[in-house]
Amino acid sequence: MACRPLVSVYSEKGEATGTSVKMPAVFQAPIRPDIVGSVHMDMMKNGRQPYAVSAKAGHQTSAESWGTGRAVARIPRVSGGGTNRSGQGAFGNMCRHGRMFAPTKTWRRWHRRINVNQRRYAICSAIAATGIPALVMAKGHCIEEVPEIPLVLTDKVQTLTKTKEAVGVLRKLKLWREIEKVKSTRRFRAGKGKMRNRRRIQRRGPVVIYNQDNGICRAFRNIPGVTLINVDRLNLLKIAPGGHVGRLCIWTESAFKKLDSIYGTWKKASEQKTDYNLPMPKMTNCDLSRLLRSDEIQKALRPPKKQVTRRVLKRNPLKNLSVLAKLNPYAVVEKKLAKLVEKQQKKKRQELQDAKRGQIKYGFKHGYYQLVGVEDVGLATVDAAASGGKSRPRKPVTKGPPAKEKKEKKEKKEKK
């Protein structure tokens, strides 16, 4: 909220006149973007016109289902013959030339009732937001060179009748950059609105709020993005377009002074609205850092804990050998002994397996090769030969003379 007690008044030449105006109490009202957004949405719904499709649409044909037994869907089908339309599905929302699903009706609940107090709360919040430069800049307005926010001009501006004069005022107040930004955003609408007399769209510029129209509307109405509104008929759709607070407002001096009589102050009720006063803020002091530094809160707080205690990660000794060694130093020796015993047992098992494999061979028995004992190998070869089977008996393997005997025989032959 804007908390300055006085606001300077500027002339149409952009110079300070030296006079100042008291800041209206409405600029200290609580800013509630949630209320502004909900009220704005309901107000936009109240501007809609009912629409609906024809009640007969999709049903202006004679169609009847063929029933079951013809291996086709039971959707109604157009009767007759001699044309490709006959036999086509009809009436259903999945059919070509059928009706839509849930046809729209004119008795839909188009409009919304808005509580008067909520509507007033929203407009007060929107006005209060226009006095905060940070919110105005967040809305996208170019106010870096503007002398003051909220911007109040003398009532002489209300007598301007020429657009040339209005452009000169905006240039003197360093607001022409805002108008150029609006011009650069002028573009064609995306969608069917192009065919409905809404071809071009553009961004919003400043809103000029006056008390009496002595030509000011005629002067400013042709400048792109500028909206003109009477202070007695402030509209949330104009002050917070899109439901977003912080639009740039240019006030005339008389309109600015009239805000207290319209919305009242907390000490005095409104003169134009029956039994109405400004909404009370939830917090009397919104400066949170100042609140936290106050003596009352600092006394209630405990001193800060400067000693940092780090959380120790608990490791599983059954999985982590170093943790197990801390708990049981002999565990390392036990593990080594267990590995040694396991190695010895493995060696014994291997020796036993090798001994068994030496006694068993792969021989021919009962018509096919299989594992047989040493004593069975000779029998198997003899039996297979005696039986007169097709398979050839294996030749008995005879070991040749050793290498030394071969050499001696060779030497004897050479000597002869």
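Here the structure is a predicted model, which means the values were calculated and not measured. (Residues numbered from 1 in each chain as written. Predicted model: local features only at pLDDT ≥ 70, side-chain atom pairs only at ≥ 80, totals over all residues. Heavy atoms only, no water.)

Draft legend 1. Just the overall build of the chain, in detail. Across its full length, the chain carries 15 helices and 12 strands. Taken across its 416 residues, the chain has 31% of its residues classed as buried. The long-range share in the chain, meaning contacts at least 24 apart out of those at least 6 apart in sequence, stands at 59%. Taken as a whole, the chain presents about 29,800 Å² of accessible surface, with 53% of it coming from carbon and sulfur. (Helix = DSSP H or I, 4+ residues; strand = E, 2+ residues; numbered from the N terminus. Buried < 20%, exposed > 50% of the residue type's maximum accessible area, 1.4 Å probe, protein only. Contact = heavy atoms within 4.5 Å. Areas by Shrake-Rupley, 256 points an atom, 1.4 Å probe, with all protein chains shown as cover.)

Draft legend 2. A look at the sheet that holds strand β10 (residues 249–252). A sheet is described by the order of its strands in space; here 6 strands give the open sequence β2-β1-β5-β10-β8-β9, paired in mixed fashion. Only two strands of the sheet have a single partner each, and these edge strands are β2 (16–22) and β9 (227–230). Strand-to-strand twist in this sheet, taken as the mean axis angle between neighbours without regard to direction, amounts to 30°. In the sheet, strand β8 (residues 207–210) pairs with β10 via 3 bridges, with the strands oriented parallel. From the neighbouring strand, valine 208 faces β10, where its bridge partner is isoleucine 250. (Pairing = 2+ DSSP bridges. Axes fitted to C-alpha atoms, helices over the stretch in contact; angles between N-to-C directions.)

Draft legend 3. Layout of the packing of helix α1 (residues 33–45) against helix α2 (residues 116–129). One way to put it is that α1 packs onto α2 with a least axis distance of 9 Å and a crossing angle of 120°. Considered as vectors, α1 and α2 are oriented oblique to each other. Relative to α2, α1 is oriented so that their crossing is left-handed. Residues Ile35, Val36, Val39 and Met43 of α1 form the contact with α2, whose participating residues are Gln118, Arg119, Tyr121, Ala122, Ser125 and Ala126. By residue class, the composition of the contact of α1 with α2 is 7 nonpolar, 2 polar and 1 charged. (Parallel < 35°, antiparallel > 145°, perpendicular 65-115°, else oblique. Left-handed = near helix turned anticlockwise from the far one by under 90°. Nonpolar A, V, L, I, M, F, W, Y, C, P; charged D, E, K, R; others polar.)

Draft legend 4. Spatial organisation of the nonpolar core. One finds Ile209, Leu234, Leu236, Trp251, Phe256, Leu259 and Tyr263 to be the most contacted residues of the largest nonpolar core, which totals 40 residues. The greatest single-element share of this core, amounting to 8 residues, is contributed by α2. Once you skip the residues sitting within four places of it in the chain, leucine 259 turns out to touch Pro24, Val26, Phe27, Val231, Leu234, Trp251 and Gly264. Listed in part, the 27 residues of the second largest apolar core include Val146, Leu153, Val167 and Trp176. (Core = buried A, V, L, I, M, F, W, Y, C linked by side-chain atoms within 4.5 Å.)

Draft legend 5. Structural context of a positive patch on the surface. On the surface, a cluster of positive charge is made up of Arg186, Lys194, Arg199 and Arg200. Tracing the sequence through the fold places arginine 200 in strand β7 (residues 200–201). (Patch = residues over 30% accessible without salt bridge, like charges linked within 9 Å, V, L, I, M, F, W, Y side chains within 5 Å. Salt bridge = Lys/Arg side-chain N within 4 Å of Asp/Glu carboxyl O. Lys, Arg positive; Asp, Glu negative; His and termini not counted. Charge placed at Lys NZ, Arg CZ, Asp CG, Glu CD.)

In short, the description is geometric, and any link to function would need to be established separately.
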